[in-house]
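Report on the structure
Single-letter residue listing:
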Amino acid sequence: MATKRKPAAPRGTARERLIAAANELFSRDGIAATPVDKAVSRAGVATMTLYHHFSGKDGLVVAYLEHRNEHWNASWAARIDRAKSTVDKVLAIFDALQAWADSGEMARGCAFVDAAAEITDRAHPAWAVIDRHKADLLARLTELTGSSRDAQRVLLLYEGTLTGLLIGHLDDPVGQARETARALLSG
């Protein structure tokens, strides 16, 4: 009988290992369902190390979301840079989303929507990161489309696509959203 292998411990500095552990656990199990001692254990550090680098679980949640934001922005920017036309630069948001979905980065959907659903207290420090992430998406789309109205429509399609990917009730939600956005931008 084959034994189930435990995933390799994250590598890097203690801070990086804590963020990697949070990314793995929060993305898989959710923020509320992940006790801080599980993240500490997964990172292979002492509890005091967490408090040395973060203000506790809230600080780790903020760092996790900032980490996700940085990686998302880099992935999206790379696809924007490869796009030839203005429309394709806008549609790059869907290309980046498809790549994330294919990589397994979205087991629980969008990390920011998931965090917003789990953290109902808007005074929680994670909300500043959630708000900034969504505002940055809209600002970048506005820059790319040259139109606040078109940017909002594309963002609405993107947000709906996140739900479609999470629930799995639609055929090819990314492809459908991309096609709809192309029609919107071309019309």
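Values in this document were obtained by computation on a predicted structure and should not be read as measured data.

**Let's talk about the overall build of the chain**
When helices and strands are counted, the chain shows nine helices and zero strands. Each helix and strand of the chain, ordered N terminal to C terminal, gives the series α-α-α-α-α-α-α-α-α. Seen through its principal axes, the chain has C-alpha atoms that stretch 55 × 45 × 30 Å. Considering the chain as a whole, with its 187 residues, one finds that 41% of them fall into the buried category. Within the chain, counting contacts between residues at least 6 apart in sequence, those at least 24 apart form 64% of the total.

**Notes on the packing of aromatic side chains**
Considering all chains together, one arrives at four aromatic pairs under this definition. Ring plane angle 75° and centroid distance 5.7 Å describe the contact between tryptophan 72 and tryptophan 100, whose orientation is recorded as edge-to-face. With tryptophan 72 in helix 4 (residues 57-82) and tryptophan 100 in helix 5 (residues 86-103), the pair connects residues that are 28 residues apart, well separated along the chain. As far as burial versus exposure is concerned, tryptophan 72 and tryptophan 100 are alike and both buried. An aromatic cluster is defined as three or more aromatic residues linked by ring pairs; in this entry it consists of Trp72, Trp76, Trp100 and Tyr158. Seen from the ring of tryptophan 127, arginine 122 lies directly overhead, with NZ or CZ sitting 3.7 Å from the centre. Positioned above the aromatic ring of tryptophan 76 is the side chain of arginine 140, whose terminal nitrogen or guanidinium carbon lies 5.9 Å from the ring centre.

**Things to note about the nonpolar core**
Counting residues in hydrophobic clusters, the biggest one holds 53 residues, and the most contacted among them are Leu65, Trp72, Trp76, Ile93, Phe94 and Tyr158. Put simply, the parts of the chain that give this core at least two residues each are helix 1 (14-29), helix 2 (36-43), helix 4, helix 5, helix 6 (111-118), helix 7 (126-145), helix 8 (148-167) and helix 9 (173-186). Per-element accounting of this core gives the leading share, nine residues, to helix 4. In this structure tryptophan 72 touches Ile93, Ala96, Leu97, Trp100, His133, Leu137 and Tyr158, once residues within four positions along its chain are discounted.

**Focus: empty space enclosed by the protein**
This model, assessed by the stated rule, comprises two cavities of 30 Å³ or more. Its volume calculated, the largest cavity comes out at about 120 Å³. Lining of the largest cavity is provided by Arg68, Trp72, Leu97, Trp100, Met106, Gly109, Cys110, Ala111, Phe112, His133, Tyr158 and Leu162. At the level of secondary structure, the elements contributing two or more residues to the lining of the largest cavity comprise helix 4, helix 5, helix 6 and helix 8. Each residue belonging to the lining of the largest cavity can be placed in one class, and the counts come to nine nonpolar, two polar and one charged. Phe26, Ser27, Tyr64, Arg68, Glu105, Met106, Ala107, Arg108, Gly109, Ala111 and Asp114 together form the lining of the second largest cavity. When contributions to the lining of the second largest cavity are tallied by element, the ones reaching two or more residues are helix 1, helix 4 and helix 6.

**Re the UniProt feature "DNA-binding region" (unreviewed entry) in the chain**
Under the present numbering, the feature "DNA-binding region" (unreviewed entry) in UniProt falls on residues 35-54. This span, residues 35-54, is 75% helix and 0% strand, and a straight line between its end C-alpha atoms measures 15 Å.

**Some details on the packing of helix 1 against helix 4**
At their nearest, the axes of helix 1 and helix 4 sit 9 Å apart, and the two run at 85° to each other. It follows that helix 1 is roughly perpendicular to helix 4 by the angle criterion. Between helix 1, through Arg15, Leu18, Ile19, Ala22, Asn23, Phe26 and Ser27, and helix 4, the contact on the second element is made entirely by Lys57, Leu60, Val61, Ala63, Tyr64, His67 and Arg68. A class-by-class count of the residues in the contact of helix 1 with helix 4 yields eight nonpolar, three polar and three charged.

About the cut-offs
- Residues numbered from 1 in each chain as written.
- Predicted model: local features only at pLDDT ≥ 70, side-chain atom pairs only at ≥ 80, totals over all residues.
- Heavy atoms only, no water.
- Helix = DSSP H or I, 4+ residues; strand = E, 2+ residues; numbered from the N terminus.
- Buried < 20%, exposed > 50% of the residue type's maximum accessible area, 1.4 Å probe, protein only.
- Contact = heavy atoms within 4.5 Å.
- Phe/Tyr/Trp six-rings, centres within 6.5 Å; stacked < 30°, edge-to-face > 60°.
- Lys NZ or Arg CZ within 6 Å of the ring centre and 35° of its normal.
- Core = buried A, V, L, I, M, F, W, Y, C linked by side-chain atoms within 4.5 Å.
- 1 Å grid on protein atoms, 1.4 Å probe; cavity = no way out; pocket = protein on both sides within 12 Å on 5 of 7 lines; lining within 4 Å.
- Points joined across faces, edges and corners; volume = space filled by probe spheres on them.
- Nonpolar A, V, L, I, M, F, W, Y, C, P; charged D, E, K, R; others polar.
- UniProt positions renumbered as here; feature names shortened; annotations may be inferred.
- Axes fitted to C-alpha atoms, helices over the stretch in contact; angles between N-to-C directions.
- Parallel < 35°, antiparallel > 145°, perpendicular 65-115°, else oblique.

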